[in-house]
Amino acid sequence: MKVGVVCEGIHDFPALSVLISEIAQAVLGEEAVCLPLQPAADASSRSGDGGWPKVVAWCQANAGNGLDTYLRAPLFEGEEVYDLIVVHLDGDIAVECADQFGGALPVPPSVEDRVAFLSSKLKNWVDPDSNYEKQIKFAVPTQKTESWMLAGISDNAHNWEEIESKSVLLLETGFVQGPGRAQHYRDVAVKLLGMSEKIAARCRSFQLFRDQFSQ
């Protein structure tokens with residue numbers, strides 16, 4: 001099966017690709033090939049990230065019947081047809097998103113609050129019709145994709161869904177500041193193979209993502 005992935009930046013895709021493939025195999029019994037829809041595969045780190053506003057823009061630009069291009073009938077020869085689309089937003093932007101687009105969150109929001117709020121926003125933005133609803137999955141790690149990565153590979157004890165996971169992940173994996181961050185993330189992502197159960201045990205947000213594949 002082919003899975004299109006919409007995510008905040010080029011550093012998110014390698015880990016999400018590994019984890020989606022593991023879930024597809026475990027839950028659906030399918031071999032999954034993940035392909036990036038946003039950012040594009042050839043995007044540089046300068047032009048290809050853009051953060052969560054680019055995810056929102058992708059959803060709005062491809063909402064409703066626009067999903068036909070990906071899930072049913074591509075407009076141009078050679079374009080891919082996908083079985084699933086996974087849309088990712090980091091949970092740490094929930095409060096900012098509520099301020100900008102409206103909506104109420106408890107103070108402080110729980111993991112479930114963040115996931116439910118952002119998943120609801122994403123569903124409204126992408127607006128799939130009933131034929132496509134089950135083919136759209138929402139990945140909302142709390143706080144960041146690095147939260148899931150850290151939970152998969154760390155031998156230390158952390159508050160997995162509250163820690164500032166990006167800096168801790170880079171520290172624990174020995175990253176030296178400078179060029180090569182994208183390759184470092186790809187190398188770390190490989191270490192997530194076989195770790196989905198461990199991540200689910202540590203991160204409620206990952207459980208909620210995985211559960212969508214059973215629905």
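The structure under discussion appears in the preceding block.
What you see is a predicted model, and the numbers here were worked out from it, not measured in a lab.

Novice: I'm lost on the packing of aromatic side chains in this one. Help?
Specialist: For any pair of aromatic rings, geometry is given as the distance between the ring centres together with the angle between the planes. For the structure shown, the criterion picks out eight aromatic pairs. Look at tryptophan 52 and phenylalanine 101: their rings are 6.1 Å apart centre to centre, the planes differ by 70 degrees, and that puts the pair in the edge-to-face class. Here tryptophan 52 is found in helix 3 (residues 52–61), whereas its partner phenylalanine 101 is found in helix 5 (residues 94–101), with 49 residues between them in sequence. A relative accessible area of 32% means that phenylalanine 101 is categorised as partly exposed. Taking 5.7 Å as the distance between ring centres and 20 degrees as the angle between the ring planes, the aromatic pair formed by tryptophan 148 and phenylalanine 209 counts as stacked. Highlighted residues: tryptophan 148 in helix 7 (residues 145–153) and phenylalanine 209 in helix 11 (residues 204–211), separated in sequence by 61 residues. Of the residues examined, phenylalanine 209 reaches a relative accessible area of 1% and is grouped as buried. Put simply, the rings of Trp148, Phe206, Phe209 and Phe213 touch in pairs and so form one group of aromatic residues.

Novice: Hey, could you run me through the pattern of salt bridges in this one?
Specialist: Oppositely charged side chains may form a pair once their charged atoms are brought near each other. Evaluation of the coordinates by the stated rule reveals six salt bridges. Between lysine 144 and aspartate 92 there is a salt bridge whose closest N-O contact spans 3.3 Å. One end of the pair, lysine 144, is in the loop between strand 4 (136–139) and helix 7; the other, aspartate 92, is in the loop between strand 3 (84–88) and helix 5, and 52 residues separate them in sequence. In this structure, the salt-bridge partner of glutamate 197 is arginine 210, at a minimum N-O distance of 3.0 Å. One end of the pair, glutamate 197, is in helix 10 (residues 196–202); the other, arginine 210, is in helix 11, with 13 residues separating them in the sequence. Here glutamate 197 falls in the exposed class, since its relative accessible area comes to 54%. One network of salt bridges, in which partners are shared, links Asp92, Lys144 and Glu164.

Novice: For this particular structure, what's the right way to read the sheet that holds strand 3?
Specialist: Pairing between the strands of a sheet comes from backbone hydrogen bonds, and it takes one of two forms, parallel or antiparallel. Reading across from one edge, 2-1-3-4 is the order of the four strands in this open sheet, with parallel pairing throughout. Each edge of the open sheet carries a strand with a single partner, namely strand 2 (33–38) and strand 4. Direction aside, the axes of adjacent strands within the sheet are offset by 25 degrees on average. The sheet contact formed by strand 3 and strand 4 spans four bridges and is parallel. When the sheet's bridge partners are listed, isoleucine 85 is paired in strand 4 with isoleucine 136. Packing of helix 1 (residues 13–28) onto the sheet brings it into contact with strand 1 (2–6), strand 2, strand 3 and strand 4, and relative to strand 2 it is tilted by some 135 degrees.

Cut-offs and rules
Residues numbered from 1 in each chain as written. Predicted model: local features only at pLDDT ≥ 70, side-chain atom pairs only at ≥ 80, totals over all residues. Heavy atoms only, no water. Phe/Tyr/Trp six-rings, centres within 6.5 Å; stacked < 30°, edge-to-face > 60°. Helix = DSSP H or I, 4+ residues; strand = E, 2+ residues; numbered from the N terminus. Buried < 20%, exposed > 50% of the residue type's maximum accessible area, 1.4 Å probe, protein only. Salt bridge = Lys/Arg side-chain N within 4 Å of Asp/Glu carboxyl O. Pairing = 2+ DSSP bridges. Axes fitted to C-alpha atoms, helices over the stretch in contact; angles between N-to-C directions. Contact = heavy atoms within 4.5 Å.

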